[in-house]
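Architecture at a glance
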Amino acid sequence: SEYFKVVVSNKYNINNEKIEISPSGGVSKEKFYYIKDKKSLRDKYNINCNLFVIGYVGRIDVGKGWDIFLRSLKVLVDDNKMEGKIALIVGSGAQIHDFKILITELGLSEYIIHLDILPQHELKNIYNIIDVFCFPTIRDGESLGLVALESMMCGVPVIGSNVGALPEYIIENETGKLIEKANYIDLSNKILEMYNEINDNNTNRLEYAKKCIEISNKYESKKVNDKICNVIINRTELL
């Protein structure tokens, strides 16, 4: 990312012109893509088609913001704003025990569907079920964030922390919304904003999907790999 380019340049005192960016191999459009038939997908995972699905996909680990996500749901529950909504969480990790305890402590069990780690061919289904993807990482040095780009490739807007590389592709009110790091109240507010914008408004939903796919295509694997190969070839020829 451009963000990480600056980090490397400053830390090692390297001229920016000597640094090329390659976004982690990119995102495969063969593996992640928009699926129009949402009903069949929801039927497959027993999720009501009328529910607004708030998604989180990622490791249940330090710095990933899973606890921020859960606490934002608690705010919605306490404010009686979870009616017609469900949270779909996919992932596991070193803090899975703490994760399950916090769900119980916050009284969120009836509002959450939790699935373990899934292979990529299933993840595309999950992204297409989700209405809005939440990426509340608290890592200042988030160098890219592939899960957010994967969801965007499937046409899903992202609510993410305003840290690291995220503002490079989360464009306010076009591909999603940015929140203050570690601010679960801000996250709950942005979830409601997104709900009000796209629920029962197919035009807004499709505009978000179109822009998400457009921006995420800049990170498409073939483009990324072709670019870095050309950079290596061109620089080798200059030696």
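My aim in this report is to walk through the structure given alongside it, one point at a time. Residue numbers here run from 1 along each chain, matching the order of that chain's written sequence. Per-residue local features are limited, in this predicted model, to residues with pLDDT of at least 70; the limit for side-chain atom pairs, both in listing and counting, is 80 or more; totals at the level of whole chains, interfaces and linings are taken over all residues. Water and hydrogen atoms play no part in the side-chain values, which are based on all heavy atoms of the structure.

1. Quick word on helix α5 (residues 120–129)
Put simply, the rule reads: The buried label goes to any residue with under 20% of its type's maximum accessible area, the exposed label to any with over 50%, and the partly exposed label to all in between, with areas taken from a 1.4 Å probe on protein chains only. Helix and strand labels come from DSSP, where a helix needs a run of H or I of at least four residues and a strand needs a run of E of at least two; each type is numbered from the N terminus. We call two residues contacting when some pair of their heavy atoms lies within 4.5 Å.
Counting buried positions along α5 yields 7 of 10 residues, so the element is predominantly enclosed. Within α5, the full set of buried residues consists of Leu-123, Lys-124, Asn-125, Ile-126, Tyr-127, Asn-128 and Ile-129. Check the buried side of α5 and you find it contacts α2 (38–44), β1 (52–57), β2 (85–90), β3 (112–115), β4 (132–135) and α6 (146–153).

2. Some words on the layout of surface pockets
Quick note on the threshold: Definitions used for this entry: grid spacing 1 Å over protein atoms alone; cavity, a set of points where a 1.4 Å probe fits but cannot get out; pocket, an open set with protein on both sides within 12 Å along at least 5 of 7 lines; lining residue, one with an atom within 4 Å of a point. Grid points are joined across faces, edges and corners, and a volume is the space filled by probe spheres set on the points. For this classification, Asp, Glu, Lys and Arg are treated as charged, while Ala, Val, Leu, Ile, Met, Phe, Trp, Tyr, Cys and Pro are nonpolar and the rest, including Gly, are polar.
Taken as a whole, the largest pocket encloses approximately 500 Å³ of empty space. Lining the largest pocket are 25 residues, and of these Lys-38, Arg-42, Asp-131, Asn-202 and Arg-205 sit closest to its centre. Elements represented by at least two residues in the lining of the largest pocket include exactly α2, α5 and α8 (202–216). Sort the elements by how many residues they give to the lining of the largest pocket and α8 lands first, with 4 residues. Residues of the lining of the largest pocket, tallied by class, amount to 12 nonpolar, 6 polar and 7 charged. Taken together, 14 residues line the second largest pocket, and the ones lying closest to its centre are Val-57, Gly-58, Arg-59, Val-90 and Val-147. In terms of residue class, the lining of the second largest pocket is built from 7 nonpolar, 3 polar and 4 charged.

3. Structural notes on the packing of helix α3 (residues 66–78) against helix α4 (residues 96–106)
The criterion, for reference: Angular values range over 0 to 180 degrees, each being the angle between N-to-C directions of two axes fitted as lines to C-alpha atoms, with helices fitted over their stretch in contact. With respect to orientation, any angle under 35 degrees is reported as roughly parallel, any angle over 145 as roughly antiparallel, any angle of 65 to 115 as roughly perpendicular, and every other angle as oblique. If you view the pair so one helix is near and one far, a crossing is left-handed when the near helix is turned anticlockwise from the far one by less than a right angle, and right-handed when it is turned clockwise.
Relative orientation of the contacting elements α3 and α4 amounts to 10 degrees, with a least axis distance of 10 Å. If you check the angle between α3 and α4, you find them roughly parallel. Two packed elements cross with a definite hand, and for α3 against α4 that hand is right-handed. Where α3 approaches α4, its residues Trp-66, Asp-67, Leu-70, Arg-71 and Lys-74 are matched on the opposing element by Asp-98, Phe-99, Leu-102, Ile-103 and Leu-106.

4. Focus: the pairing of β2
Under the convention used in this document: Pairing between strands requires that DSSP locate at least two bridges from one strand to the other. Crossover handedness is defined by viewing with both strands directed away from the observer: a clockwise path from the first strand over the helix to the second marks the crossover as right-handed.
For β2, a buried count of 6 out of 6 residues is recorded, marking the element as mostly surrounded by other parts of the structure. Burial along β2 is two-sided: the residues Lys-85, Ala-87 and Ile-89 and Ile-86, Leu-88 and Val-90 are all buried. Sheet topology note: the β1/β2 ladder contains 6 bridges and is parallel. By the bridge assignment for β2, Gly-55 is matched with Leu-88. In this fold, the crossover linking β1 to β2 by way of α3 has right-handed handedness. Alignment of β2 against β3, held across 4 bridges, turns out to be parallel. Along β3, the bridge assignment pairs Leu-88 with Ile-113.

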